[in-house]
Amino acid sequence: MIIDKHKCISDFLRYRTVLDGYAWEENIIPEKIYLKDEGTIPVKTSQDLDNTIKIIFNKINKDEKLGIMLSGGIDSAILASYMPEGSIAYTMKSIAENSVNEVERAKRYAKKCNLDLRVVEITWEDMNRISKILMKKSKMPHHSIQPMIYRICEEAHKDGIKTVLCGENADLKFGGFDGLLSKDWSLEDFIERYTFLCPDKILKNPVDDFSEFEKARTDCSIDVHKFLNDHYVKMALHDYILPFKLNNMNIVMPYAYTYLDAPLDLKRVRNGENKYIVRELYNKIYPDIEPEKKLPMPRAVGIWLKDYQLSSAHKDIFKDEDISEYKPDQKWQLYILEMFLDMLENGELTNRSNE
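Keep in mind the model is a prediction, meaning the values are calculated, not measured.

Burial along strand 4 (residues 66-69) is two-sided: Leu66 and Ile68 and Gly67 and Met69, pointing in opposite directions, are all buried. Sheet topology note: the strand 4/strand 7 (residues 163-165) ladder contains 3 bridges and is parallel. If you follow Ile68 over to strand 7, its bridge partner there is Leu165. Pairing of strand 4 with strand 5 (residues 88-94), which is carried by 3 bridges, proceeds in the parallel orientation. Along strand 5, the bridge assignment pairs Gly67 with Ile88. In this region the chain leaves strand 4, passes through helix 3 (residues 74-80) and returns to the parallel neighbour strand 5; the handedness of that crossover is right-handed.

Here it is in structure tokens:
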């Protein structure tokens, strides 16, 4: 284990996670949670996917009341159709003016599948309160979705739910990231396109590590689908699994257990049929409901952090940079990183030896 705070900071900004083998301080080591059987079930067709989801549902305790994270998208809508009638569907709603709202979209699927819809309201106070809980456990900053998932866990726990279904990973497994898959990238161009926030731009002591990109290199280009399924998938799974683990609950992500057992048809993806296998299954289940354009997760970080600027407390780390024009997710990265660094300096991150 290499202790290098600047490397950890740079990794988080570039990859939105800390790469394996590095620690912030002695015993302050990022703790990542992976899915044991991730990517073990082959899927070639929409029928394969249907069969896989049915098998996974059949393994769940039939006497257990289930919950589902239901958005307005096709991935969770598909799973909703397999849920027992009367199950509880949880939809996020950020309490911020003009924030993305998926409630009406979720309602139509809940009604169609006879599910009990619960709207989970999430405030800025929730985001800050829960973020500290998460970072004390994981020893690293996190994506803004994590505290929101934790809020769903809190509400599901009140409802007596032990297991929640989630549609995460369908985009990764089946070609949903049509922007990243839109063309054949040079390695250099893809690194620039994918990097969440370039460490060189904002840090006084940036540390470059492009090793995760290099693993998917093909000559001077990159296999984007391989990169997403080898690297991004683990980060995404951790974002979802940790909140459930901290609440002693189970999360079941059927898509995460699968892998595409055929070359991804990039021509179809680039011609507007992203996630074509998933869409074929959706159309079989909901022939009368036209899927709406995909919305971003209902995270109101752009509204909550509209006026956020870097504090003066970490002048040794960050450049004197005006971040007013940064994207909302980039502002969140800096905000949560500052919170983490404050916790680190104040001794709020419990050492492993004391846990």
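To continue, consider the side chain of Asn229. Structurally, Asn229 is set in helix 11 (residues 224-246). Among the residues examined, Asn229 registers a relative accessible area of 17% and is labelled buried. A distance of 3.0 Å separates a polar atom in the side chain of Asn229 from the backbone oxygen of Leu172. Sequence-distant contacts of Asn229, defined by excluding residues within four places in its chain, comprise Leu172 and Lys173.

Considering the arrangement of structural elements, one finds Lys139 in the loop between helix 5 (124-138) and helix 6 (145-158). With relative accessibility at 0%, the residue Lys139 sits in the buried group. Taking the C-alpha atoms as reference, Lys139 lies 24 Å from Gln309; in sequence the two are 170 residues apart.

With that settled, the discussion passes to helix 5. For helix 5, spanning 15 residues, the distance from its first C-alpha to its last is 21 Å, which sits close to the expected 21 Å at 1.5 Å a residue. Within the sequence span of helix 5, burial applies to Trp124, Asp126, Met127, Asn128, Ile130, Ser131, Leu134, Met135 and Ser138. Against the buried residues of helix 5 lie strand 6 (116-122), helix 6, helix 11, helix 14 (301-304) and helix 15 (328-345).

A few words now on the packing of aromatic side chains. The final tally for this structure, using the stated rule, is 21 aromatic pairs. Residues Trp124 and Trp332 carry aromatic rings whose centres are separated by 6.3 Å and whose planes lie at 75 degrees to one another, so their mutual orientation is edge-to-face. With Trp124 in helix 5 and Trp332 in helix 15, this pair connects stretches of sequence that are 208 residues apart. By the ring-pair criterion, three or more aromatic residues cluster together here, those being Tyr15, Phe177, Trp185, Phe190, Tyr194, Phe196, Phe213, Phe227 and Tyr232. Over the face of the ring belonging to Tyr22 we find Lys7, whose NZ or CZ atom lies 3.9 Å from the ring centre. One residue, Lys183, lies across the ring of Trp185, its end atom 4.4 Å from the ring centre.

With that settled, the discussion passes to helix 8 (residues 187-194). At 3.6 residues per turn, the α-helix brings residues three or four places apart onto the same side. Within helix 8 the residues assigned to the buried category are Leu187, Phe190, Ile191 and Tyr194. The arc that holds every buried residue of helix 8, seen down its axis, measures 105 degrees, which confines them to one face. For helix 8, the exposed residues set more than 90 degrees away from the buried face come down to Glu188 and Glu192. Where helix 8 is buried, its residues touch helix 1 (5-15), helix 10 (211-214), strand 8 (217-218), strand 9 (221-222) and helix 11.

Attention now moves to the packing of helix 2 (residues 46-58) against helix 13 (residues 276-285). At a closest axis distance of 8 Å, the pairing of helix 2 and helix 13 adopts a crossing angle of 70 degrees. With respect to helix 13, the axis of helix 2 lies roughly perpendicular. In this structure, helix 2 uses Ser46, Gln47, Leu49, Asp50 and Ile53 to contact helix 13, whose residues at the interface are Ile277, Val278, Glu280, Leu281 and Lys284.

A few words on the environment of Leu203. Position of Leu203 relative to the elements: it lies in the loop between helix 9 (199-202) and helix 10. Owing to a relative accessible area of 3%, Leu203 belongs among the buried residues under this scheme. Residues Leu203 and Met140, spaced 63 residues apart in sequence, show a C-alpha to C-alpha distance of 18 Å. Those residues in contact with Leu203, other than ones at most four positions away along the chain, are Ile9, Ser10, Leu13, Ile317, Phe318 and Lys319.

Cut-offs used in this document
Residues numbered from 1 in each chain as written. Predicted model: local features only at pLDDT ≥ 70, side-chain atom pairs only at ≥ 80, totals over all residues. Heavy atoms only, no water. Buried < 20%, exposed > 50% of the residue type's maximum accessible area, 1.4 Å probe, protein only. Helix = DSSP H or I, 4+ residues; strand = E, 2+ residues; numbered from the N terminus. Pairing = 2+ DSSP bridges. Right-handed = clockwise from strand over helix to strand, strands pointing away. Polar contact = N/O pair within 3.5 Å; in protein donor to acceptor, adjacent residues only side chain to side chain. Contact = heavy atoms within 4.5 Å. Expected span 1.5 Å × (residues − 1). Phe/Tyr/Trp six-rings, centres within 6.5 Å; stacked < 30°, edge-to-face > 60°. Lys NZ or Arg CZ within 6 Å of the ring centre and 35° of its normal. Arc of directions from axis to C-beta. Axes fitted to C-alpha atoms, helices over the stretch in contact; angles between N-to-C directions. Parallel < 35°, antiparallel > 145°, perpendicular 65-115°, else oblique.

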